Amino acid sequence: MSDPATPPDAHHRRLVAIAQPDTEEAAEFVAAFDDVDDVEVELIETTGEEEVREVIARVVSEGVDTIASVGGDGALNLVIGGLWDAGGGGGAALRDVTVVPVRSGTVNLVSKTMGLDSLDTTVDAIVAGRSRAMDVGRSEAGVFVLNSSSGYDAAVIGDAADHSDATLGQVRFAVEGIKRLRDEDPVHVTVRCDGVQLHDGPAMSVVTMNIGERASDDFHVAPDAEIDDGLLDVAVIRAESLSRFLGVIVKLALRRDVERRHLVRAQAEHVEIEWSRSVASQRDGDADDEVTSLDVRVHPGALRIHCA
Ligand SMILES: [Mg+2]
């Protein structure tokens, strides 16, 4: 119809791609929509967390349908954090906007989980409108899609970025990085899951996973089964020395059972963690400030994300 007053086609969608400046994959992604009539794409280049937040608040107020995060899991975390706070806050904007991770050189476990392993697959998923609901984890430090952790693993997360030796719910551990730590003493921690005490004693790390392994001890990685189960997978690594901690990590890498005295697991909607002193913490692979306590909750199906 040529009537200028005709409202836009109901299928017409506005997509904003957020990327670091001069990202090659961002240019390729935008170009892939040249021949797609019903998706209008805008590329916005940003350089920092605050800028991402401002951009998202603005495009949400303008009625954006889809936000593409070009980058790794850390970049996606910033986008989802921005969406959580946009449009009045409390995750309201997440109900109206579909998110899509676009791989850009770095480790991107979320896009892998969604089956978006190439540019073509990603563009196809957007054009076809294929998406699914996914849980979002959140603590006072902010949102997370993969996991949040505190303790020793968080202390070495930076070292682990590109040369992972083992994973636990896709937290990457670098054995070399852990070896460099001098302080071998576990720290006392209390962990409560949905109000029930899971652990009260020394531990090396507490990991809360949104995408995690099964809660049983078989360690088969089946992320697809858990991304929308409305539960966090909790792991308390309580190996009492650094060498035992390394032993647990190696067993996890080999998918072997770990004795319960070294590793306690549970599933919960609400996890309260109290350390006796401040320890390192991280969300989705990026370090946060040190913490002495964390109050972690799952927000079931809060995120809509494109998938293959
Ligand atoms: Mg889950």
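What you see is a predicted model, and the numbers here were worked out from it, not measured in a lab. Here the residue index of a chain counts from 1 through its sequence in written order. Since the coordinates come from a predicted model, pLDDT governs what is reported: local features require at least 70, and pairs of side-chain atoms require 80 or more to be given and counted, while whole-chain, interface and lining totals use all residues. To get the side-chain values, take all heavy atoms of the structure and skip hydrogens and water.

*Asks:* Looking at this structure, I do not really get the overall build of the chain. What am I missing?
*Replies:* Broken down by element type, the chain carries nine helices and 16 strands. Type-normalised accessible area, obtained with a 1.4 Å probe on protein chains alone, sets the label of each residue: buried when under 20%, exposed when over 50%, and partly exposed for intermediate values. Counting over 308 residues, the chain shows a buried share of 52%. The contact rule is simple, with two residues in contact once any of their heavy atoms fall within 4.5 Å. For the chain, contacts bridging at least 24 residues in sequence account for 74% of all contacts bridging at least 6. Every helix listed is a DSSP run of H or I at least four residues long, and every strand listed is a run of E at least two residues long, numbered separately from the N terminus.

*Asks:* Whenever I open this one, the pattern of salt bridges confuses me. Can you help?
*Replies:* Two side chains with opposite charge may pair up if their charged atoms get near one another. By salt bridge we mean one thing: a side-chain nitrogen of Lys or Arg within 4 Å of a carboxyl oxygen of Asp or Glu. With the rule as written, the count across this model stands at nine salt bridges. Among the salt bridges present, the one from Asp-295 reaches Arg-297, with a minimum N-O distance of 3.8 Å. A relative accessible area of 29% places Asp-295 in the partly exposed class. Judged by its relative accessible area of 40%, Arg-297 is partly exposed. One network of salt bridges, in which partners are shared, links Arg-14, Glu-42, Arg-58 and Glu-62.

*Asks:* Help me understand the pairing of strand β5 (residues 131-139), please; the structure alone is not making it clear to me.
*Replies:* Residues in a regular strand point their side chains to alternate faces of the sheet. Any two strands are treated as partners once DSSP identifies two or more bridges connecting them. Examined bridge by bridge, β5 and strand β16 (residues 286-306) share seven bridges and lie antiparallel to one another. Each bridged residue has a counterpart across the sheet, and for Gly-137 the counterpart in β16 is Val-298. The pairing of β5 with strand β6 (residues 142-144) spans three bridges and is antiparallel. Residue pairing in the sheet places Ser-139 in a bridge with Gly-142 of β6. Count of turn residues in the β5/β6 antiparallel hairpin: two residues.

*Asks:* How should I be thinking about the confidence of the model for the chain in this particular structure?
*Replies:* When pLDDT is low, close inspection of the predicted coordinates is not appropriate. pLDDT expresses how confident the predictor is about each individual residue, on a scale running from 0 to 100. With 79% of its residues at a pLDDT of 70 or more, the chain shows a mean pLDDT of 83. With pLDDT under 50 throughout, residues 158-165 is counted as low confidence; its partners more than four residues away or in other chains account for 17 contacts. Contacts of residues 214-224 to residues separated by more than four positions or lying in other chains number 31 contacts, the stretch itself having pLDDT below 50.

*Asks:* Would you take a moment to explain helix α5 (residues 119-128) for this structure?
*Replies:* The set of residues buried in α5 consists of Thr-121, Thr-122, Val-123, Ala-125 and Ile-126. Contact partners of the buried residues in α5: β1 (13-19), α1 (24-31), β4 (98-102) and β16. Note on α5: the residue one or two positions beyond its end, Gly-129, has a positive phi of about 70°.

*Asks:* It is not clear to me how the packing of helix α2 (residues 49-61) against helix α3 (residues 73-85) should be interpreted in this structure. Could you clarify?
*Replies:* The axes of two packed helices give the description: the angle between them and the distance between them. Lines fitted to the C-alpha atoms define the axes, with helices restricted to the stretch that makes contact. Angles between their N-to-C directions range from 0 to 180 degrees. For the pair α2 and α3, the least separation of the axes is 8 Å and the interaxial angle reads 50°. Our classification of the angle between α2 and α3 gives oblique. Once α2 is placed against α3, the crossing between them reads as right-handed. Where α2 approaches α3, its residues Glu-49, Val-52, Arg-53, Ile-56 and Val-60 are matched on the opposing element by Leu-78, Val-79, Gly-81, Gly-82, Leu-83 and Asp-85. Any residue that is not Ala, Val, Leu, Ile, Met, Phe, Trp, Tyr, Cys, Pro, Asp, Glu, Lys or Arg is counted as polar, Gly included; the first ten are nonpolar and the last four charged. Its residues placed into classes, the contact of α2 with α3 shows six nonpolar, two polar and three charged. In what follows, roughly perpendicular refers to angles from 65 to 115 degrees, roughly parallel to angles under 35, roughly antiparallel to angles over 145, and oblique to any angle outside these ranges. A crossing counts as left-handed when the near helix is turned anticlockwise from the far one by less than a right angle, and as right-handed when that turn is clockwise.

*Asks:* Which parts of the structure should I look at to understand the environment of Arg-95?
*Replies:* With respect to the helices and strands, Arg-95 occurs in the loop between α3 and β4. Relative accessible area serves as the criterion here: at 67%, Arg-95 is assigned to the exposed category. Along the sequence, Arg-95 and Ala-133 sit 38 residues apart, while their C-alpha atoms lie 9.8 Å from each other.

*Asks:* Would you explain the nonpolar core in this entry?
*Replies:* In summary, soluble globular proteins display a tendency toward joint burial of nonpolar side chains. One finds Phe-29, Ile-56, Ile-67 and Leu-83 to be the most contacted residues of the largest nonpolar core, which totals 50 residues. Just so you know, the domain bounds were taken from an automatic or database domain assignment. When residues are assigned to domains, this core turns out to be shared by domain 1 (13-129) and domain 2 (142-300), each giving three or more. With sequence-adjacent residues up to four places away left out, Phe-29 is seen in contact with Leu-15, Ala-17, Ala-68, Val-102, Leu-119, Thr-122, Val-123 and Ile-126. Membership of the second largest hydrophobic core comes to 22 residues, among which are Cys-193, Ala-203, Trp-275 and Val-291. Note on terminology: a nonpolar core comprises buried Ala, Val, Leu, Ile, Met, Phe, Trp, Tyr and Cys residues joined through side-chain atoms within 4.5 Å.

*Asks:* Help me out: how do you make sense of the environment of Ser-148 in this one?
*Replies:* Inspection of the secondary structure assignment puts Ser-148 in strand β7 (residues 147-151). Between the alpha carbons of Ser-148 and Asp-288 there is a distance of 9.8 Å; along the sequence they are 140 residues apart. Leaving out residues up to four positions away in the same chain, Ser-148 has contacts with Val-206, Val-207, Thr-208, Gln-282, Arg-283 and Leu-294.

*Asks:* Can you walk me through α3 in this structure?
*Replies:* One turn of an α-helix holds 3.6 residues; hence residues three or four places apart share an orientation. Over its 13 residues, α3 runs 19 Å from end to end, which matches the ideal 18 Å to within 8%, given 1.5 Å per residue. The buried fraction of α3 is high, at 10 of 13 residues. Among the residues of α3, those classed as buried are Asp-73, Gly-74, Leu-76, Asn-77, Val-79, Ile-80, Gly-81, Gly-82, Leu-83 and Trp-84. Multiply 1.5 Å by the residue count of a helix minus one, and that product is the helix's expected span.

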